[in-house]
Amino acid sequence: VPIYMCCSALDYRQENFPENVFFMDKPIRNEHLIASLDKAYEWKQSAVPRIELRDETETYYITAEDILYGIVNGKHVKVHLADGRKINVASGLENLYGQWAHHQVFFILSTKVIINTSHIERMGLLKLYMKDGTAFSLSPASKKSIRQMANASTLP
């Protein structure tokens, strides 16, 4: 979400803020406010949606494309990322899927595994292989659903 900081005697531009933080000078005039709202709208339209993942100490903001899969690990879900990182998220699988479902690339493969269908390397008769080489058991019903979801032409 775009955030505007209003500057006067304190000039927030000197601080290190994320890319979604913009600045306006006080006093705020109508024409500057309208231009600022237009800029915020443009930024919001072009921004890549982020997914928030939290482990015990940090919060990560990543894209759906960054996620390979998640595996239930006790009371956590270990989320494997495309860059090799693994994040232990204190959440249930169903809760994560509820947060991720609108991205339309995630599929609950079993009660313990959620996958990103855009990171499937190939599907065998009873196995699914992810781009990092990890293999998961695959039921025929799941295979059909995944093919429909990921568009059969994109999967080997």
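Preceding this paragraph is the structure being described.
Glancing now at the overall build of the protein chain. The helix and strand tally for the protein chain stands at three helices and 12 strands. Summarising its shape, the C-alpha atoms of the protein chain cover approximately 65 × 35 × 25 Å along the three principal directions. Counting over 156 residues, the protein chain shows a buried share of 33%. Looking at the protein chain alone, contacts between residues at least 24 apart form 33% of all its contacts between residues at least 6 apart. Of the roughly 9,900 Å² of accessible surface on the protein chain, a fraction of 53% belongs to carbon and sulfur atoms. Taking the 18 positively charged and 17 negatively charged side chains of the protein chain as two groups, their mean positions are separated by 10 Å.

A few words now on the pairing of strand E8 (residues 106-110). Note that E8 and strand E9 (residues 113-116) share four bridges and pair antiparallel. Looking at the pairing, Phe 107 lines up with Ile 115 of E9.

Quick look at the sheet that holds strand E11 (residues 127-130) now. Hydrogen bonds along the backbone pair up the strands of a sheet, which may run parallel or antiparallel. On the basis of which strands lie adjacent, the open sheet formed by three strands has the order E10-E11-E12 and antiparallel pairing. Strand pairing shows two members of the sheet lacking a second neighbour, strand E10 (120-123) and strand E12 (135-137), which therefore form its edges. Shown here is a sheet whose adjacent strand axes are inclined to one another by a mean of 25°, direction ignored.

As a further point, take the pairing of strand E4 (residues 59-62). Burial along E4 is one-sided: the residues Tyr 60 and Ile 62 are buried and none of Thr 59 and Tyr 61 is. Between strand E3 (residues 51-54) and the antiparallel strand that follows it, E4, lie four residues.

What follows deals with the sheet that holds E9. Ordered in space as E7-E6-E5-E9-E8, the five strands form an open sheet in which the pairing is antiparallel. Sheet topology places strand E7 (86-89) and E8 at the edges, where each strand pairs with a single neighbour. For this sheet the average axis-to-axis angle between neighbouring strands, irrespective of direction, equals 20°. Where helix H2 (residues 93-100) meets the sheet, it contacts strand E5 (67-73), strand E6 (76-81), E7, E8 and E9, and its direction lies at approximately 160° from that of E8.

Definitions and cut-offs
Residues numbered from 1 in each chain as written. Predicted model: local features only at pLDDT ≥ 70, side-chain atom pairs only at ≥ 80, totals over all residues. Heavy atoms only, no water. Helix = DSSP H or I, 4+ residues; strand = E, 2+ residues; numbered from the N terminus. Buried < 20%, exposed > 50% of the residue type's maximum accessible area, 1.4 Å probe, protein only. Contact = heavy atoms within 4.5 Å. Areas by Shrake-Rupley, 256 points an atom, 1.4 Å probe, with all protein chains shown as cover. Lys, Arg positive; Asp, Glu negative; His and termini not counted. Charge placed at Lys NZ, Arg CZ, Asp CG, Glu CD. Pairing = 2+ DSSP bridges. Axes fitted to C-alpha atoms, helices over the stretch in contact; angles between N-to-C directions.

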